[in-house]
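The residues making up each chain are set out below.
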Amino acid sequence: MKKLAAISLISILLFMLAACGNSGGDQAKSGKIVVTGKEFTEQLIMTHVLAEYLKANTDLDVEVKGALGGVFVIHEAMKQGEVDLYVEYTGTGYLNVLNEEYVPGMSPDQIYDETKKGYEDEFNITWLDSLGFNNTYALAVRKELAEELGIKTFSDLAEHASELSFGADPEFFERDDGYDAFVEEYGTDFAKQVNIDSDLMYEPARDGEIDVIAGTSTDPRIKQYDLIILEDDKNFFPPYYAAPVIRQAVLDANPGLEDTLNELSDVLDDERMQELNVQVNLENKEPEDVAVEFLKEEGLID
């Protein structure tokens with residue numbers, strides 16, 4: 001009996017220690033939320049959009065943690081319960097976190113639904129409704145050239161590729177969904193390929209030194225250099241729709257929070273997000289100020 005009692009006591013102690021060790025990622029304190037983001041302009045703005053919106057529309061104690069790093073750093077912090085909420089992109093979640101394979105032509109809704117389910121099943125993390133903008137790869141050309149050749153879509157571009165030069169950063173020429181995949185998908189090739197740093201390619205595109213560049217859809221330099229984005233008419237690139245991602249434990253601890261955050265659904269589109277990025281990168285405004293002004297303009301805060 002004494003031996004049995006001793007074993008029972010040890011079992012209880014081990015259970016208590018295990019419970020203490022699991023107090024991070026699976027639990028949340030009602031009334032507090034930690035918001036963060038990645039280390040680039042758009043993410044800095046969206047971190048403050050979420051934080052200021054929550055401050056104005058809930059009773060939560062909102063803590064903002066400065067940009068933590070890339071997706072894997074933030075994702076691990078969420079799993080550990082160190083941060084609660086940030087904005088992620090469907091393509092990033094689907095391809096990089098869940099390690100799924102994108103097939104050209106998959107719809108944005110399909111990618112979102114599969115990503116949402118994967119996060120819930122594997123991490124107990126919830127994807128909320130999309131904010132509305134899609135920061136994916138984008139092929140851009142100067143307006144004069146597009147009008148001269150009648151180019152509006154990727155399919156239009158493919159018809160003229162043999163006459164045009166194409167510029168992109170080294171990564172795009174190496175990606176599975178990059179240059180080679182585009183050439184194969186559309187059965188064409190460009191007259192010249194230019195390997196150029198992403199920060200240096202917008203000015204040559206404006207000046208006609210490069211005809212087509214691979215940028216991103218919400219990059220403020222597209223507007224700055226008077227370029228236009230071509231329509232991805234076959235969904236060649238994976239969609240990167242932005243949405244708030246939150247620990248389910250936080251939603252469980254704060255009833256009604258999911259509905260409150262989903263009021264931000266479709267509040268932005270690509271052009272509007274691009275304009276907000278312009279205000280920070282080109283007009284030197286602070287991300288927090290841009291976020292607050294945006295929320296006031298949309299009637300989301302007073």
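Now for a description of the structure that goes with this document. On a predicted model such as this, the values are computed, not experimentally measured, just so you know.

## Some details on the overall build of the chain
In terms of regular secondary structure, the chain is built from 15 helices and 10 strands. Each principal axis of the C-alpha atoms in the chain carries an extent, and together these give about 90 × 50 × 30 Å. A total of 302 residues make up the chain; the buried ones form 50% of that total. The long-range fraction of contacts in the chain, counting pairs at least 24 apart against all pairs at least 6 apart in sequence, stands at 76%. A gap of 8 Å separates the mean positions of the 23 positive and 63 negative side-chain charges of the chain.

## Examining the pairing of strand S8 (residues 212–216)
Across a regular strand the side chains alternate sides, sitting on one face of the sheet and then on the other. Along S8, 4 of the 5 residues are buried, which leaves the element largely enclosed by surrounding structure. When strand S5 (residues 137–142) meets S8, the two strands line up antiparallel, connected through 5 bridges. Bridge pairing in S8 links Ala138 to Gly215.

## Examining the pattern of salt bridges
Under the definition given, this model contains 19 salt bridges. Here Arg142 makes a salt bridge to Asp211, at a shortest N to O gap of 3.5 Å. Within this pair, whereas Arg142 is found in strand S5, its partner Asp211 is found in the loop between helix H10 (202–206) and S8, the two being separated by 69 residues in sequence. By relative accessible area, which is 18% here, Arg142 ends up buried. Overall, Asp211 belongs to the buried group, its relative accessible area being 12%.

What counts and what doesn't
Residues numbered from 1 in each chain as written. Predicted model: local features only at pLDDT ≥ 70, side-chain atom pairs only at ≥ 80, totals over all residues. Heavy atoms only, no water. Helix = DSSP H or I, 4+ residues; strand = E, 2+ residues; numbered from the N terminus. Buried < 20%, exposed > 50% of the residue type's maximum accessible area, 1.4 Å probe, protein only. Contact = heavy atoms within 4.5 Å. Lys, Arg positive; Asp, Glu negative; His and termini not counted. Charge placed at Lys NZ, Arg CZ, Asp CG, Glu CD. Pairing = 2+ DSSP bridges. Salt bridge = Lys/Arg side-chain N within 4 Å of Asp/Glu carboxyl O.

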